[in-house]
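Inside the fold
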Amino acid sequence: MPQPTRPLSSDGQVTEIGCPGCSGVLSQWMDGDGPHLRFVCKVGHAYTLSSLLQAKEAQLEDALWSAISLFQHVEMLDELLLKQIDENGLPIGTEGLDARLQQIRAQAALIRTMIEETVSPDLEQEGDDPRADSP
Ligand SMILES: [Zn+2]
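Quick look at the structure, then. (Residues numbered from 1 in each chain as written. Predicted model: local features only at pLDDT ≥ 70, side-chain atom pairs only at ≥ 80, totals over all residues.)

**Focus: the overall build of the chain**
Stated precisely, the cut-off is as follows: Strands here mean DSSP runs of E at least two residues long; helices mean DSSP runs of H or I at least four residues long; both are numbered from the N terminus. Any residue with 12 or fewer other C-beta atoms within 10 Å of its own C-beta is exposed, any with 20 or more is buried, and the rest are partly exposed; the C-beta atoms used are placed from the backbone. Think of it this way: build a C-beta for each residue from its backbone, and any pair within 7 Å is a contact.
A count of helices and strands for the chain gives two helices and four strands. With 135 residues in all, the chain has 13% of them scored as buried. For the chain, contacts bridging at least 24 residues in sequence account for 51% of all contacts bridging at least 6.

Structure below.
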């Protein structure tokens, strides 16, 4: 992750894209006379277009793994509740819990497949200006 460089003034075009390095909003800049875009947040995290895309791809993968972790937690708690009901003869219907348990497992598998089938583009190109990532 790029380190913050310097606080910025209010120049640049504010985007609706969140900074991968903090919770700030990114502003979009043209870098010099070339076609390169820079994205900079208020605290100074700076990205080229391709480095921002890569950072967002990484954030997306992290979010999907977090979702899988949550599914596993819900699955464990669902199983524990079903066990408690069974072992203690509790007067609680288990059809809904059984159905949700199957659904949770299927949904987690779908997300895992999404992660495994994701094709990350190779964004390293000649002429990509790495200066935006340097202090
Ligand atoms: Zn930031």
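Moving on, there is more to tell.
**A word on the sheet that holds strand β2 (residues 25-30)**
Applied cut-off: Two strands pair if DSSP finds at least two bridges between them. Interaxial angles span 0 to 180 degrees and are taken between N-to-C directions of axes, which are lines fitted to C-alpha atoms, for helices over the stretch in contact.
Taking strand neighbours across the sheet as the criterion, the four strands line up as β1-β2-β3-β4 in an open arrangement whose pairing is antiparallel. Looking at which strands have only one partner, the edges of the open sheet turn out to be β1 (13-18) and β4 (46-48). Put simply, the sheet's adjacent strands are angled 35 degrees from each other on average, direction ignored. In this sheet, β2 lies alongside β1 in antiparallel orientation, the contact comprising three bridges. Within β2, the residue paired with Gly18 across the bridge is Val25. Contacting β3 (37-40) and β4, helix α1 (residues 49-88) crosses the sheet at an angle of about 105 degrees to β4.

**Looking at helix α2 (residues 95-117)**
What counts, and what does not: Each helix should span, by expectation, one fewer than its residue count multiplied by 1.5 Å.
Look at α2: 33 Å from first C-alpha to last across 23 residues, which is about the 33 Å you get at 1.5 Å a residue. Within α2, only zero of the 23 residues are buried, which leaves the element largely exposed.

**Some remarks on the environment of Gln59**
Assignment of secondary structure puts Gln59 in helix α1. Overall, the presence of 12 C-beta atoms within 10 Å leaves Gln59 in the exposed class.

**Re the pairing of β1**
Within β1, only zero of the six residues are buried, which leaves it mostly out in the open. The antiparallel pairing of β1 with β2 creates a hairpin that spans six residues between the two strands.

**Focus: the packing of α1 against α2**
Quick note on the threshold: An angle below 35 degrees is treated as roughly parallel, one above 145 as roughly antiparallel, one from 65 to 115 as roughly perpendicular, and anything else as oblique. Helix crossings get a hand from a simple test, with the near helix turned counterclockwise from the far one by less than a right angle marking a left-handed crossing and a clockwise turn marking a right-handed one. Nonpolar residues are Ala, Val, Leu, Ile, Met, Phe, Trp, Tyr, Cys and Pro. Charged residues are Asp, Glu, Lys and Arg, and all others, Gly as well, are polar.
Orientation of α1 relative to α2, taken along the N-to-C sense of each, is 160 degrees, at an axis distance of 9 Å. It follows from the interaxial angle that α1 and α2 lie roughly antiparallel. Considering only the axes of α1 and α2, their crossing is left-handed. Contacts between α1 and α2 pair Glu61, Leu64, Ala67, Ile68, Phe71, Gln72, Val74, Glu75, Asp78, Glu79, Leu81 and Leu82 from the former with Leu97, Arg100, Leu101, Ile104, Arg105, Gln107, Ala108, Ile111, Arg112, Met114 and Ile115 from the latter. In terms of residue class, the contact of α1 with α2 is made up of 14 nonpolar, two polar and seven charged.

**Focus: α1**
With 40 residues, α1 extends 58 Å between its outermost C-alpha atoms, agreeing within 8% with the 58 Å of an ideal straight helix rising 1.5 Å per residue. Those residues of α1 lying buried are Ser51, Leu52, Phe71 and Asp78. On its buried side, α1 packs onto β3, β4 and α2. Gly89 sits one or two residues past α1 and shows a positive phi near 60 degrees.

Shape is all these values report; function is a separate question.
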